[in-house]
Amino acid sequence: MILYVIIVLTAGLAYYSLLSKYGELWSSIDETDDVTQLNYTVSILIPFRNEAKNLLSLLSSLQALDFAAHSVQIVLVNDHSRDGGEKAIGEYAGELDIQLINQMEGVGKKAAIRNGWEACTGDIIIQTDADCSLPTHWLSAMLASFSNEDIRLACGPVQFHRSANFWQRIVALDFEALIAIGAAHIHWKKPMICNAANLAYRKSLIADADLNERAASGDDVFLLQSAHHQNPNSIVFVKNKKAIVKTEGPSSFSAFWHQRLRWASKNGDYDIKQNTWMLVGVWMYNVLVLVSLSLIHISEPTRQEAI
């Protein structure tokens, strides 16, 4: 029993040290400027499937963007939608330079992204999702990092919106913690996670990008790893409120659970094995906590019986 207590306390101290490290790393990330003196040719890439309910609000969000003096192309890739949502794009008659690609070859988001890459003409590609709401100064905030020619990938912040009840607020807070941990790992030069709802990267990055087609998901993580392999110092996190993209969170515990299972399925594909061992350690610590709580619950009736 004493050995078990020692193990739990040691694991708890290690877990606390890791969280403290994350806090220090997050605090040491400089606030990112949202002004750039350079003008870029930009392609906004948005793959989508069955997003009819979100596409009109997406178009409104895109129209409200401040393009400044940048030349902006918008590429929307329809990944075999069955709800007819692509018609809203095809019927668009506004001032945006929109190119709609109906995916004919390949299925899934990774294939859609590769098809979109072929159509992107901008030197900088900014990627987001169809269910996202984009802040007005999003472009300026995300592009500012590229004034440094060494930067090839900028990972932006994402939040869940419409957190109406207690459960949704807890999930939103948990998600914000993951975004912060991802930012800390980028600053630590041990990138682990980012979010495809808010990514900006130089077009030159995609020539050697490995999206790991064997895995069904994880296009964002594998692009992050590709950038790290090419140059560990070429990745930044955009710590700027004006860059925050908002998206829908999981609507139920089942959706939340399946989302986390999908994310966890990528853990074994991390190239930086130190990250994998960290995740294993965190998982084992959580198991220890659950086991300890169950032991307390079991021992309590035994004490009462003894009395």
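Shown above is the structure to which this text applies.
Right, let's walk through the structure included here. (Residues numbered from 1 in each chain as written. Predicted model: local features only at pLDDT ≥ 70, side-chain atom pairs only at ≥ 80, totals over all residues. Heavy atoms only, no water.)

### Brief notes about the pairing of strand E1 (residues 41–48)
- The buried fraction of E1 is high, at seven of eight residues.
- Examined bridge by bridge, E1 and strand E2 (residues 71–78) share eight bridges and lie parallel to one another. By the bridge assignment, Leu45 is partnered in E2 with Val75.
- Chirality of the crossover, the property in question, places the unit of E1, helix H2 (residues 52–63) and E2 among those that are right-handed.
- Summarising the sheet, E1 and strand E4 (residues 124–127) pair through four bridges and their orientation is parallel. Paired with Val42 across the bridge in E4 is Ile124. (Buried < 20%, exposed > 50% of the residue type's maximum accessible area, 1.4 Å probe, protein only. Helix = DSSP H or I, 4+ residues; strand = E, 2+ residues; numbered from the N terminus. Pairing = 2+ DSSP bridges. Right-handed = clockwise from strand over helix to strand, strands pointing away.)

### Here we look at helix H1 (residues 2–28)
- Compared with an ideal rise of 1.5 Å per residue, which puts 27 residues at 39 Å, H1 spans 39 Å between its outermost C-alpha atoms and is within 8% of the ideal.
- Considered for burial, the residues of H1 that qualify are Ala11, Gly12, Leu18, Tyr22 and Leu25. (Expected span 1.5 Å × (residues − 1).)

### Examining the nonpolar core
- Of all hydrophobic cores here, the largest spans 68 residues; its most connected members are Ile44, Trp117 and Tyr201.
- Top element by residues in this core is helix H6 (residues 166–187). It accounts for six residues.
- What Ile44 contacts, discounting residues up to four positions off in sequence, is Leu62, Leu65, Val72, Gln73, Ile74, Val75, Ile126, Thr128, Trp138 and Leu139.
- Counting six residues, the second-largest nonpolar core is a separate cluster that includes Leu18, Tyr22, Leu25 and Met192. (Core = buried A, V, L, I, M, F, W, Y, C linked by side-chain atoms within 4.5 Å. Contact = heavy atoms within 4.5 Å.)

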